[in-house]
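Descriptive structure summary
What follows is the residue order along each chain.
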Amino acid sequence: MKNRILFLAIALALCVAVHFTSMATEKAHITVKAAEGVTPTELVISKDGTDPADSPYRTNLENGVFEIDIETDFIEPYGIIDWTQLINNGRTARLAQFLVEDGANITLTLFEDRIEAESTGLEHLALERMESLKMDTFKARAEEIKKIEDENAAAEMYEKLTKERNQWESDYYAQNPMIAFILDLDTRLLNFRFNDHRLMQKLQLYHDHYSDRYPGHPVHQSISKNENVGLQIYGGKYHDYDVRTIDGEKVRASDFLKPGYNLVVCWASWCSPCRKEAQEIAEFIDPYIEKGLNVFALTREFKNIDALKQALDKDQYPWQTLVDIDDEFHVFDRHGATSSAVFLINPEGKIIFSDTGSDKVKAILDTCFN
């Protein structure tokens, strides 16, 4: 009897596993074509986050239409790009994104200046409905702002409109859960940039409304992994990390943080605009240091720091300079920067400014110290 019960339990478990596997498979039919009069070119389809050069999905549309089925275990974001134009010019605006989701018929149309994606997928259609509603809600006000002749007044009104539109979108995502939101968040984390000022808001929305949705989808693991990297996200905590002094000593960033406000200036000796910005900040920083501001710099160098030492000798910055050579500690990746960026941390350890431009730096310091 016990053996029979055990056998039935195992059989039931296997049936559930098989059912879950079959339900988890997402299969979409992709049709690629060129608009009338558009010269066919080589296009590449690839999963987001992977190198298009390695993708097996390529076509030059010699026969006018290219069709393929793509099958994945979960709903995944994919993209298509004009590979010929990318290789020849180093960039292209002919690209588009779409979701591979079960039962979706996806049509990708090549135009002279773009690629358009259409899909019958439910998640794609849900996202389109949201974008259409957002357009209907805010388009009229945006058009009215364009008519304002006073540039400062128009900029102020547009900034206010943008905040309202972003809040509207967050509220909509909270009330109408979509896998597209989680996938977009994952992409933002994977390609983190210091000036992504909406990322912390999106992370909070994720933890409040999405962390237990779409269970089993690997996107949750990816988000968790990237959250734990210690990205320096605007509105969040300034995380600690390893770095080196000019003398090569390995130190912690926290060793250079002091009570009160801390300014972190990121630059590199090989980046002329970055160095110029650091020089401009150095010209006006002394009064703020006298009022209690603490400043240190992070530099990104390669092979050696000879050029950095020459720059420091010439510029005589009034702060300590730290360096990450050959991305040993991925300091700049954590800051979402390739070279130039400035971070201001408040006394509670929260990042309240992450941007570029010495004029913006001075404006935020005036707000904090005057």
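Let us look at the structure shown here. (Residues numbered from 1 in each chain as written. Predicted model: local features only at pLDDT ≥ 70, side-chain atom pairs only at ≥ 80, totals over all residues. Heavy atoms only, no water.)

The next point concerns the pattern of salt bridges. Pairing of side chains with opposite charge becomes possible as their charged atoms draw close. In this structure the tally under the stated criterion is 25 salt bridges. For arginine 244, the salt bridge goes to glutamate 328, with nearest N and O atoms at 2.8 Å. Taken as a pair, arginine 244 in strand β9 (residues 242-245) and glutamate 328 in the loop between β13 (320-325) and α11 (331-334) lie far apart in primary sequence, 84 residues in all. Owing to a relative accessible area of 23%, arginine 244 belongs among the partly exposed residues under this scheme. When salt bridges that share partners are traced, they join Glu131, Lys134, Glu169, Asp184, Arg188, Asp196, Arg198 and Lys202 into one network. (Salt bridge = Lys/Arg side-chain N within 4 Å of Asp/Glu carboxyl O. Helix = DSSP H or I, 4+ residues; strand = E, 2+ residues; numbered from the N terminus. Buried < 20%, exposed > 50% of the residue type's maximum accessible area, 1.4 Å probe, protein only.)

Turning our attention to a negative patch on the surface. A cluster of acidic side chains, namely Glu67, Asp69, Glu71, Asp73 and Asp102, defines a negative patch on the protein surface. As for its position among the elements, glutamate 67 is in strand β4 (residues 65-72). (Patch = residues over 30% accessible without salt bridge, like charges linked within 9 Å, V, L, I, M, F, W, Y side chains within 5 Å. Areas by Shrake-Rupley, 256 points an atom, 1.4 Å probe, with all protein chains shown as cover. Lys, Arg positive; Asp, Glu negative; His and termini not counted. Charge placed at Lys NZ, Arg CZ, Asp CG, Glu CD.)

Within this structure, the stated rule accounts for one disulfide. The disulfide partner of cysteine 271 is cysteine 274, and the gap between their sulfur atoms is 2.0 Å. Here the S-S torsion is close to 65°, and the disulfide linking cysteine 271 with cysteine 274 is therefore right-handed. Each member of the pair, cysteine 271 as well as cysteine 274, is classed as buried. We note that cysteine 266 lacks a disulfide partner, and the nearest cysteine sulfur, in cysteine 274, lies 9.6 Å from it. (Disulfide = S-S within 2.5 Å.)

The next subject is the nonpolar core. One finds Leu263, Trp267, Trp319 and Leu365 to be the most contacted residues of the largest nonpolar core, which totals 29 residues. Going through the elements one at a time, β11 (262-267), α8 (272-284), β12 (294-301), α10 (306-315), β14 (341-345) and α12 (358-369) are the ones with two or more residues in this core. With five residues, the single largest contributor to this core is α8. Ignoring any residue separated from it by four or fewer positions in sequence, one finds leucine 365 in contact with Phe284, Ile285, Tyr288, Leu293, Leu344 and Asn370. (Core = buried A, V, L, I, M, F, W, Y, C linked by side-chain atoms within 4.5 Å. Contact = heavy atoms within 4.5 Å.)

Glancing now at the environment of lysine 314. Positionally, lysine 314 belongs in helix α10. The exposed category is assigned to lysine 314, whose relative accessible area is 67%. In this structure, the C-alpha to C-alpha distance between lysine 314 and valine 331, residues 17 residues apart in sequence, is 25 Å.

Attention now moves to the environment of methionine 178. By the element assignment, methionine 178 lies in the loop between α4 (151-175) and α5 (179-190). Sequence separation of methionine 178 and histidine 124 is 54 residues, and the distance between their C-alpha atoms is 9.2 Å. Discounting chain neighbours no more than four positions away, the residues touching methionine 178 are Glu123, Ala126, Leu127, Met130, Tyr172, Tyr173, Tyr210 and Tyr214.

This part is about the sheet that holds strand β2 (residues 43-47). Taken in spatial order, the four strands of this open sheet run β3-β2-β5-β6, and their pairing is antiparallel. Looking at which strands have only one partner, the edges of the open sheet turn out to be β3 (57-59) and β6 (95-100). Sheet twist, expressed as the average angle between the axes of neighbouring strands with direction ignored, equals 20°. As paired elements, strand β5 (residues 76-82) and β6 share six bridges and run antiparallel to each other. Residue pairing across strands places tyrosine 78 opposite phenylalanine 98, the latter belonging to β6. (Pairing = 2+ DSSP bridges. Axes fitted to C-alpha atoms, helices over the stretch in contact; angles between N-to-C directions.)

With that out of the way, let us pick up the packing of α5 against helix α6 (residues 199-209). Here α5 crosses α6 at 135°, and the two axes come no closer than 11 Å. One element, α5, and the other, α6, form an angle in the oblique class. Crossing hand, α5 versus α6: left-handed. Between α5, through Phe181, Ile182, Asp184, Leu185, Arg188 and Leu189, and α6, the contact on the second element is made entirely by Leu199, Lys202, Leu203, Leu205 and Tyr206. Here the residues of the contact of α5 with α6 are counted per class, giving eight nonpolar, no polar and three charged. (Parallel < 35°, antiparallel > 145°, perpendicular 65-115°, else oblique. Left-handed = near helix turned anticlockwise from the far one by under 90°. Nonpolar A, V, L, I, M, F, W, Y, C, P; charged D, E, K, R; others polar.)

With that out of the way, let us pick up the sheet that holds strand β7 (residues 105-110). The mixed open sheet is built from four strands, whose spatial order is β4-β1-β7-β8. With one partner strand each, in any of the chains shown, β4 and β8 (115-119) form the two edges of the open sheet. In this sheet, neighbouring strand axes are inclined to one another by 20° on average, regardless of whether the strands run parallel or antiparallel. Bridge count for strand β1 (residues 26-34) against β7 is six bridges, and the pairing is parallel. From the neighbouring strand, threonine 31 faces β7, where its bridge partner is threonine 107.

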